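Single-letter residue listing:
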Amino acid sequence: MGLDVYIDATIKEKATGRIISYDPDYPPDKQITIFHFDGWDAAPVMRSWIEIINRYGGTHYTRYDNSMPFPQTALREMCSCLLSYCCVPEENRYQWDLETGFWDIEKREQRNNAPYKEEQQYSHIEWESFYYTENTFLTLGRVLREIIWMLDQIHYENKIDPLRTDRGLSEDYKWVFGKRTFPDDFIELPDDLQKFKENPNAYIWEFELFNSQ
């Protein structure tokens, strides 16, 4: 089996605790997938994210947990972590491990004739693979950063600009929202949608990391 990593969000009224969000693709599911990363390149990110959310939430999750609620305050460091993976370090660019990818901290401390090695540990890893891997992390980092900026705008200005596929990051947003627009397509009742747009600070967001491993 492969690996899928998701960040899901649930939106609730502060006053009542009532959930207003829903997933139009899987009704009556109330959680919105705001981030999705699949493939074994996601393994080192998941490992690092679990460490981050344990620090922020005072929890003790491991990679064997499938569902991990975490506080919104962890998101920015999770994004910073993700962006840090968009450059493969020269010290171990040819050493790949299923659990840590190219970013094993112990191997990173070892220098192996940087900047380039003539022999690769695995002959099927070509330089183009590093380009693809780095580009993937950069794209996903931009997506998560936009989500964080949206949440900051709600918090500091009590306003919301729609997240949609034509916002300049169309190739990025198809990973998350597809052709749908947030919040219009992710709040089911028209009255709830109108109230959310008028006063988004009247709602709280709850987040959860899902690990399909």
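Here, the structure is the one placed above.
What counts as what
- Residues numbered from 1 in each chain as written.
- Predicted model: local features only at pLDDT ≥ 70, side-chain atom pairs only at ≥ 80, totals over all residues.
- Heavy atoms only, no water.
- Phe/Tyr/Trp six-rings, centres within 6.5 Å; stacked < 30°, edge-to-face > 60°.
- Buried < 20%, exposed > 50% of the residue type's maximum accessible area, 1.4 Å probe, protein only.
- Helix = DSSP H or I, 4+ residues; strand = E, 2+ residues; numbered from the N terminus.
- Core = buried A, V, L, I, M, F, W, Y, C linked by side-chain atoms within 4.5 Å.
- Contact = heavy atoms within 4.5 Å.
- Expected span 1.5 Å × (residues − 1).
- Pairing = 2+ DSSP bridges.
- Axes fitted to C-alpha atoms, helices over the stretch in contact; angles between N-to-C directions.

Asks: Explain the packing of aromatic side chains to me, please; I cannot follow it from the model alone.
Replies: Working definition: an aromatic ring pair is given by the centre-to-centre distance plus the angle between the planes. In the structure shown here, the tally under the stated rule is nine aromatic pairs. Seen from their ring centres, Phe182 and Phe186 are 6.1 Å apart, and the 40° between their planes marks the pair as tilted. Overall, Phe186 belongs to the buried group, its relative accessible area being 6%. An aromatic cluster of three or more residues is present, and its members are Phe70, Phe182, Phe186, Phe196, Tyr203, Trp205 and Phe207.

Asks: Honestly, the environment of Arg180 in this entry has me stumped. Any pointers?
Replies: With respect to the element layout, Arg180 can be found in the loop between α5 (170-173) and α6 (190-198). When the C-alpha atoms of Arg180 and Leu163 are compared, they prove to be 8.7 Å apart, with 17 residues separating the residues in sequence.

Asks: Please clarify how the nonpolar core should be interpreted in this entry.
Replies: Buried together is how nonpolar side chains tend to be arranged in soluble globular proteins. With 48 residues, the main nonpolar core has Ile7, Trp49, Phe182, Phe196 and Trp205 as its most contacted residues. Mapped onto this core, the elements with two or more residues apiece are β1 (4-13), β2 (32-38), α1 (42-57), β3 (67-70), α2 (75-84), α4 (127-157), α6 and β4 (203-211). Residues within four places of Phe196 in sequence aside, it is in contact with Ile11, Ile20, Ile154, Ile160, Phe182, Pro183, Ile187, Tyr203 and Trp205.

Asks: How should the side chain of Asp23 be read in this particular structure?
Replies: As for its position among the elements, Asp23 is in the loop between β1 and β2. Non-local contacts of Asp23, meaning those with residues more than four positions away in its chain, are made with Asp29 and Gln31.

Asks: Honestly, α1 in this entry has me stumped. Any pointers?
Replies: At 3.6 residues per turn, the α-helix brings residues three or four places apart onto the same side. For α1, spanning 16 residues, the distance from its first C-alpha to its last is 22 Å, which sits close to the expected 22 Å at 1.5 Å a residue. Restricting attention to buried positions, one finds in α1 the residues Ala42, Ala43, Pro44, Val45, Met46, Ser48, Trp49, Ile50, Ile52, Ile53 and Asn54. Phi for Gly58, located one or two positions after α1, is positive at around 65°.

Asks: Which parts of the structure should I look at to understand the pairing of β1?
Replies: Remark: a regular strand shows side chains that alternate across the two faces of the sheet. Among the 10 residues that make up β1, eight are buried, leaving the element largely enclosed by the rest of the structure. Where β1 lies against β2, six bridges are found, and the strand directions are antiparallel. Paired with Tyr6 across the strands is His36, a residue of β2. Pairing of β1 with β4 involves nine bridges; the strand directions are antiparallel. Each residue of the ladder has a partner; that of Ile7, found in β4, is Leu209.

Asks: Whenever I open this one, the sheet that holds β1 confuses me. Can you help?
Replies: The pairing of strands in a sheet happens through backbone hydrogen bonds and is either parallel or antiparallel. Strands sit in the order β2-β1-β4-β3 across an open sheet of four strands; the sheet is antiparallel. At either end of the open sheet lies a strand with only one pairing partner, and these are β2 and β3. Across the sheet, the axes of successive neighbouring strands diverge by a mean angle of 20°, strand direction being ignored.

Asks: Can you help me understand the pairing of β4 in this one?
Replies: Sheet topology note: the β3/β4 ladder contains four bridges and is antiparallel. Its bridge partner being in β4, Pro69 is matched across the sheet by Glu208.

Asks: Looking at this structure, how should I read the environment of Pro183?
Replies: With respect to the secondary-structure elements, Pro183 resides in the loop between α5 and α6. Distance from Pro183 to Phe196, taken between C-alpha atoms, is 8.6 Å for residues 13 residues apart in sequence. Sequence-distant contacts of Pro183, that is, excluding residues within four places in its chain, are made with Ile160, Pro162, Leu193, Phe196 and Lys197.

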